[in-house]
Amino acid sequence: MSNAIEAPIRLLIVDDHPVVCAGLTSMLSAQPGIQVAGSAATGQEALAILECERPDLILLDLRMPGMDGVSMLHALKELETPPRVVVLTNSAKEEDIYRAIRAGAQGYLLKDTPESEMVAAIFIVMQGKRYIPRHIAARLADRMMKDDLTGRELEILELLAQGLTNKQIGKDRNISDNTVRNHVNNIMEKLGVSDRTEAVASAIRSGVLAESD
């Protein structure tokens, strides 16, 4: 595709897997109009680099030790002129997509994205647009259509995932069985499911709940 930006786009790659960083650096450095300015293995390391380097765009993994990708997105908002960000991750979970976009990511790609699409996404985002592939956008739309669960509903959902009954949840939270039942009904309605088991499965699938070991 044609590049309307005369100066090369300076990239910072943030990923805790050295092989991924090396592969992306080799692949993207060979692209006209792109210059890889460096790489970082953690969010903290990336922020330290940003104190002296001014990349135009960050390719950011979500799952990293210490400061994860979403936390780094929030930290970037404190900068006077933050770089644009394309998330590059293995996670296609609705909740991860939702949290990343809400935190300020301008693009969202999976790590199995073809090279040509990844390069196209970089240039599109640098033109001030968003780049969210259709299948990712569909998951984001599904997540945004669901009302956010309240803090109490999340607590009860976690207890449902542990296999507790309404009576046990009521005793644990010091609320009545009827109140628990109302919360469970609200959870099922918001998640668009018909029973407790499906509610837990849907929450784990979308990333609202973490999978148990």
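Residues numbered from 1 in each chain as written. Predicted model: local features only at pLDDT ≥ 70, side-chain atom pairs only at ≥ 80, totals over all residues. Heavy atoms only, no water.

Looking at the sheet that holds strand β5 (residues 107–110)
- The five strands are arranged β2-β1-β3-β4-β5 in an open sheet whose pairing can be described as parallel. The open sheet has two edge strands with one neighbour each: β2 (34–40) and β5. Neighbour-to-neighbour, the strand axes of the sheet open up by a mean angle of 25°, direction not taken into account.
- Relative to β5, strand β4 (residues 84–89) runs parallel, the two being bridged by four bridges. Paired with Val87 across the strands is Tyr108, a residue of β5.
- Packing against the sheet, helix α1 (residues 18–29) makes contact with β1 (9–14), β2, β3 (57–60) and β4, and its axis sits at approximately 170° to β2.
- Against the sheet, helix α3 (residues 69–76) contacts β1, β3 and β4, and its axis sits at roughly 160° relative to β3. (Pairing = 2+ DSSP bridges. Helix = DSSP H or I, 4+ residues; strand = E, 2+ residues; numbered from the N terminus. Axes fitted to C-alpha atoms, helices over the stretch in contact; angles between N-to-C directions. Contact = heavy atoms within 4.5 Å.)

Focus: the packing of α3 against helix α4 (residues 94–103)
- Packing of α3 against α4 brings their axes to within 9 Å, and their N-to-C directions diverge by 10°. If you check the angle between α3 and α4, you find them roughly parallel. Within the contact between the two elements, α3 uses Val70, Leu73 and His74 and α4 uses Arg99, Ala100 and Ala103.
- Across the contact of α3 with α4, the residue classes tally to four nonpolar, one polar and one charged. (Parallel < 35°, antiparallel > 145°, perpendicular 65-115°, else oblique. Nonpolar A, V, L, I, M, F, W, Y, C, P; charged D, E, K, R; others polar.)

With respect to the pairing of β4
- Where burial is concerned, most of β4 is hidden: five out of the six residues are buried.
- Bridge analysis of β3 against β4 gives four bridges, and the strand direction is parallel. Each residue of the ladder has a partner; that of Ile58, found in β4, is Val85.
- In terms of handedness, the path from β4 via α4 over to β5 forms a crossover that is right-handed. (Buried < 20%, exposed > 50% of the residue type's maximum accessible area, 1.4 Å probe, protein only. Right-handed = clockwise from strand over helix to strand, strands pointing away.)

A look at the pattern of salt bridges
- Within this structure, the stated rule accounts for nine salt bridges.
- For Lys167, the salt bridge identified is with Asp177, shortest N-O distance 3.5 Å. Residue Lys167 is located in helix α8 (residues 166–173), and its partner Asp177 is located in helix α9 (residues 177–191); the two are separated by 10 residues in the primary sequence.
- Looking at Lys167, the relative accessible area reads 57%, which means it is exposed.
- On the basis of relative accessible area, Asp177 is assigned to the partly exposed category, the value being 29%.
- Here the residues in one salt-bridge network are Arg152, Glu155, Asp172 and Arg173, joined through shared partners. (Salt bridge = Lys/Arg side-chain N within 4 Å of Asp/Glu carboxyl O.)

Quick word on the UniProt feature "modified residue: 4-aspartylphosphate" (unreviewed entry) in the chain
- UniProt records the feature "modified residue: 4-aspartylphosphate" (unreviewed entry) for Asp61 in the present numbering.
- With a relative accessible area of 4%, Asp61 lands in the buried category.
- Not counting residues within four places of it along the chain, the set of residues in contact with Asp61 comprises Val14, Asp15, Asp16, Gly69, Leu88, Thr89 and Lys111. (UniProt positions renumbered as here; feature names shortened; annotations may be inferred.)

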